[in-house]
Structures are given as structure tokens and as C-alpha cells.
Amino acid sequence: MIDQGKGKFHDLRMQNRKLLDITGVQNVESFDSEEFLLQTELGHLTIRGQNLHIKNLSLEEGLLSIEGQVHSLIYLNPGSQAKNKSLLGKLFK
């Protein structure tokens, strides 16, 4: 079973692969129209797609809304560093 940690909360809600609401966002490490790299309460999350853009962001509340065509959501293994992003990029492009 995956240990989600005490007091940590992270939730995703996607509507028709065009609107993604995320809670538990600690930081937006990088983003462009094809890829977002986020630090969430439960680890790094990479979101890939087309015409991606921020609809709403509140790091104080840990909320992020993304609009665009979502193709994939990829979590890095717990304890992995964001530098592993380049390896994932090679595997999934």
C-alpha cells in the first residue's frame, strides 16, 4: 500500500481531458503549452498535452487549474528529484 503521509492532501479532477483542477500544489517548477512540472504534497507530477495554460493558481491555498488538451499525467517515484524529468522526457516523447 502507498503511504500518503499524515496531514498531506492531493486531489485531481479532470473534466473531458480539457480542464484539470489540482489541490495540494506546493510549487509550479516549470510550464509551457505542452508540459507542466509540479511539486505536490505527494511528489512531483508531470502533465503533458497541447495548448496547456493556467486558468487559476493559488499557491497559498495549494490550488491549480489548467486548461488545454491533457494527454498524460505522470508521477515521479517518491524521493525522486525533478532532474529525472529529462529521463521521463526521453521515455515518453
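Residues numbered from 1 in each chain as written. Predicted model: local features only at pLDDT ≥ 70, side-chain atom pairs only at ≥ 80, totals over all residues. Heavy atoms only, no water.

If you look the protein chain up in an unreviewed UniProt entry, it shows as Spore coat protein from Paenibacillus solani.

A look at the overall build of the protein chain
Put simply, the test is: Numbering of helices and strands runs from the N terminus; a helix is a DSSP stretch of H or I covering at least four residues, while a strand is a stretch of E covering at least two. Here's how the labels work: a residue is buried when its accessible area is under 20% of the maximum for its type, exposed when over 50%, partly exposed in between, all with a 1.4 Å probe on protein chains only. Whether two residues are in contact is decided by their heavy atoms, any of which lying within 4.5 Å being enough.
Scanning the protein chain from terminus to terminus reveals one helix and six strands. Overall, the protein chain shows an N-to-C arrangement of helices and strands of β-β-β-β-β-β-α. Taking all 93 residues of the protein chain together, the buried fraction comes to 35%. If you take every contact in the protein chain between residues at least 6 apart in sequence, the share linking residues at least 24 apart comes to 44%.

Considering the packing of aromatic side chains
In this description, a pair of aromatic rings is defined by centroid distance and the angle of the planes. Threshold: What counts as a ring pair is set by centres within 6.5 Å for rings of Phe, Tyr and Trp (its six-membered ring), and what kind of pair is set by the plane angle: stacked under 30 degrees, edge-to-face over 60, tilted for all other angles.
Summed over all chains, the structure comprises one aromatic pair. Relative to Phe36, the ring of Phe31 lies with its centre 5.3 Å away and its plane at 25°, an arrangement referred to as stacked. For Phe36, a relative accessible area of 0% gives the class buried.

Re the pattern of salt bridges
Condition: Any Lys or Arg side-chain nitrogen found within 4 Å of a carboxyl oxygen on Asp or Glu counts as a salt bridge.
A complete count under the given rule lists two salt bridges for this structure. Note that Glu35 is salt-bridged to Arg48, the shortest N-O span being 2.6 Å. With Glu35 in strand β4 (residues 35–40) and Arg48 in strand β5 (residues 43–58), this pair connects stretches of sequence that are 13 residues apart. Note on accessibility: Glu35 and Arg48 belong to one class, buried.

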